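Structural overview for review
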Amino acid sequence: MQHMSESVFAVLCQIVGNSQIVLFRRETEDIREKISKVNMRMVMVSESWREGFRLKGSDIDLMFWLNNHRVIMDMSQSEYYNTANTTLILSDSSESPPGFTLLQLLTPSRYRDVQSACVIMNERVHISSSIYRELTCSAAMPNSTLHGPCGSGVVGKVEYDIAYCFVSDFWPLSASSLIERCHSWPGPEVINDIVRSGCHFVAIGHPLGPHEHEEWRVSFSQAECKLVSSMNYCQFLTYGLLKLFLKEVINQQLEETNKLSCSYHMKTSVFWALQQHTLPQLCPQNFLAGFWVCFKLLLRWVYEGICPNFFIPQNNMFVSKVHGSAQNRLFIRLHELYKKGLACLLQSSSIRTYIIDGLYNPRLTICTDEKLIAPESITDTEIFHAIDQNLGIRCHHVCIKCLIIVQHLILSPLTEYQNIKLQKVTVNIFQHMAFILKNMQTNTSGNKEIYVADKNSSYILKLAAKFGFVSDLLYVAMFYYKTLRYMEALSVIEMTKVKLAQPYLINGGRVDREKYTEAVGGKVLVYKDETGCGT
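A brief look at the structure comes next. (Residues numbered from 1 in each chain as written. Predicted model: local features only at pLDDT ≥ 70, side-chain atom pairs only at ≥ 80, totals over all residues. Heavy atoms only, no water.)

Helix and strand counts for the protein come out as 22 helices and 12 strands. The C-alpha atoms of the protein give 26 Å as radius of gyration, which agrees with the globular expectation for 535 residues (24 Å, within 12%). Considering the protein as a whole, with its 535 residues, one finds that 52% of them fall into the buried category. Expressed as a percentage of contacts within the protein between residues at least 6 apart in sequence, the contacts between residues at least 24 apart total 68%. When the accessible surface of the protein is totalled, it reaches about 25,900 Å², and 54% of it is carbon and sulfur. Across the protein, 51 positive and 49 negative side-chain charges occur, with their mean positions spaced 5 Å apart. (Helix = DSSP H or I, 4+ residues; strand = E, 2+ residues; numbered from the N terminus. Rg over C-alpha atoms; globule rule 2.2 N^0.38 Å. Buried < 20%, exposed > 50% of the residue type's maximum accessible area, 1.4 Å probe, protein only. Contact = heavy atoms within 4.5 Å. Areas by Shrake-Rupley, 256 points an atom, 1.4 Å probe, with all protein chains shown as cover. Lys, Arg positive; Asp, Glu negative; His and termini not counted. Charge placed at Lys NZ, Arg CZ, Asp CG, Glu CD.)

Set out below in structure tokens:
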């Protein structure tokens, strides 16, 4: 057991990423979400990507909502909003199954999709989930198809699920049991944060509910991310192993209708095991014990046909999905795997080789030190690669709004990772601003006006290059080329080539590990960034 646990732990560190990389992914996503508040439509990356996973073949889940629309749970909460600039929506779950609700439009909305989705029920205006889903998801991306509450499709090699929803600043009464039963895990601070953050409502009704086409499902995606973040690294890897096991083992050889629909059931099993103290104190030496506890819980749920939602236990997530003959076939599949014991993991293509190597070499010492499994150069390569993200800003006033948010964030407590991410975001804003200013010039612009604008743009780009990556110097060269200063552009290019020739540079995800360690090994991330390690 110990040898096998250590083998699986070591390979998952490589597949999922060490704790430093996972933490970096989460914290930098926090910065991206804060910057995105400038838009009328808020966007949140949910599920695996937001939780810190970058598993091969995983899709990206996005949630969009209107920033000036708010859902309230009772009429007394309307006093917290200015209805002149905020559209209010009332959640009415009195006639809906647990976890679902009707949304009544209280004040007019100026958005066409909301207006077009309105239906009259009991002499009141409600927003139809089916109509809203059809309107928003079909317009989200070309060739999108409806999948649950989402519009699904593929861009390049990446699959996406986009859900258009509504947000509430309040915690639903139907989920109040979470506060009462969570004492030791995840702890009162996390629970208070979750409750203060409210919830969302996604456009899909209960298939057996009285108003399937009008109902909305309560979504706790934001709360789930906070729960996953409160897990320690071994617990997080247990969840990662269950995701792999679902994809590569459980759902293999099963017809589409008999498969577990998503990894959400796996995540739910980890939540319940942690909250009910059935998950042991995990470490690399007993790592697989946690996996086995969650697998047995899942097996019991399939046998009983009941998978209780962690936030609203009365909401059985197996209803209409895992029942009848499909339930029987799924249980038989899971029970066959259960009878094999931990050897069932040998059916996972990602980890089979590592388990076999460990079993055939029982005297082999398996490294479970994260820092040795994922060396500093590899960790930093992923970090610098993930930092480089284009914001896609298209107008001057959005640049200003972004800079105001950056200014507020700089004055707030930031982690090392968030500071580095914010630095690169600022560089990106400056670059957009410089070229937007240049493009704002017209044929009627005077010489002095053009001179001042060019001077400002050039200054902004040089400032960005000072605390950006080496390759950010090329934006200065592009600006000189655009303004017909070809010799100056060539000069910047030559200087960039010299800097890019540094042997320790991280270039497109590749790096000379030995040279990198020799040059900046052991240094803090800010120093590496200032040294110009990234391209």
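Further remarks concern the packing of aromatic side chains. Enumeration over the complete set of coordinates arrives at 30 aromatic pairs. On the basis of an interplanar angle of 20° and a centroid distance of 5.3 Å, the ring pair of Phe64 and Tyr164 is categorised as stacked. Of this pair, Phe64 sits in strand 2 (residues 60-66) while Tyr164 sits in strand 10 (residues 158-168); the two residues are 100 residues apart in sequence, bridging distant segments of the chain. Across the pair, exposure class does not vary: Phe64 and Tyr164 are buried alike. (Phe/Tyr/Trp six-rings, centres within 6.5 Å; stacked < 30°, edge-to-face > 60°.)

This part is about the layout of surface pockets. What the second largest pocket holds in volume is close to 910 Å³. Along the walls of the second largest pocket sit 31 residues, with Trp49, Arg54, Ile60, His385 and Ala386 positioned nearest its centre. At the level of secondary structure, the elements contributing two or more residues to the lining of the second largest pocket comprise helix 1 (2-16), helix 2 (19-35), strand 2, strand 10 and helix 15 (376-387). (1 Å grid on protein atoms, 1.4 Å probe; cavity = no way out; pocket = protein on both sides within 12 Å on 5 of 7 lines; lining within 4 Å. Points joined across faces, edges and corners; volume = space filled by probe spheres on them.)

With that settled, consider the side chain of Glu224. Along the chain, Glu224 falls in helix 8 (residues 221-229). In terms of polar contacts, Glu224 uses its side chain to reach the side chain of Lys267, at 3.2 Å. If we ignore the near neighbours within four places in the chain, the residues touching Glu224 are Glu47, Tyr264, Lys267, Phe271 and Phe311. (Polar contact = N/O pair within 3.5 Å; in protein donor to acceptor, adjacent residues only side chain to side chain.)

Attention now goes to the state of the cysteines. Going through the model one piece at a time under the given rule, you end up with zero disulfides. With no disulfide of its own, Cys137 lies closest to Cys150 among cysteine sulfurs, the gap being 6.6 Å. (Disulfide = S-S within 2.5 Å.)

Let us look at the nonpolar core. Membership of the largest hydrophobic core comes to 99 residues, with the highest contact counts inside it found for Phe166, Phe311 and Leu345. For this core, the element with the highest residue contribution is helix 9 (residues 233-250), accounting for 12 residues. In this structure Phe311 touches Trp171, Ser174, Ala175, Ser177, Leu178, Arg181, Phe220, Ala223, Glu224, Leu227 and Tyr264, once residues within four positions along its chain are discounted. In this structure, Val398, Val425, Met433 and Val492 belong to the second largest nonpolar core, which totals 30 residues. (Core = buried A, V, L, I, M, F, W, Y, C linked by side-chain atoms within 4.5 Å.)

Moving on to helix 10 (residues 264-275). The periodicity of an α-helix, 3.6 residues per turn, causes residues three or four positions apart to be oriented the same way. Taking 1.5 Å per residue, 12 residues should reach 16 Å; helix 10 reaches 16 Å between its end C-alpha atoms and fits that length. When you tally the buried positions in helix 10, you get 12 out of 12 residues, the bulk of the element. What helix 10 keeps buried is the set Tyr264, His265, Met266, Lys267, Thr268, Ser269, Val270, Phe271, Trp272, Ala273, Leu274 and Gln275. Next to the buried residues of helix 10 lie helix 3 (47-51), helix 6 (177-181), helix 8, helix 9 and helix 11 (287-304). (Expected span 1.5 Å × (residues − 1).)

So, on to the environment of Gln418. Mapped onto the elements, Gln418 comes out in helix 17 (residues 416-439). Gln418 gets classed as buried once you look at its relative accessible area, which sits at 10%. A sequence separation of 383 residues divides Gln418 from Ile35, and the C-alpha atoms of the two residues are 12 Å apart. In this structure Gln418 touches Glu27, Asp30, Ile31 and Pro413, once residues within four positions along its chain are discounted.

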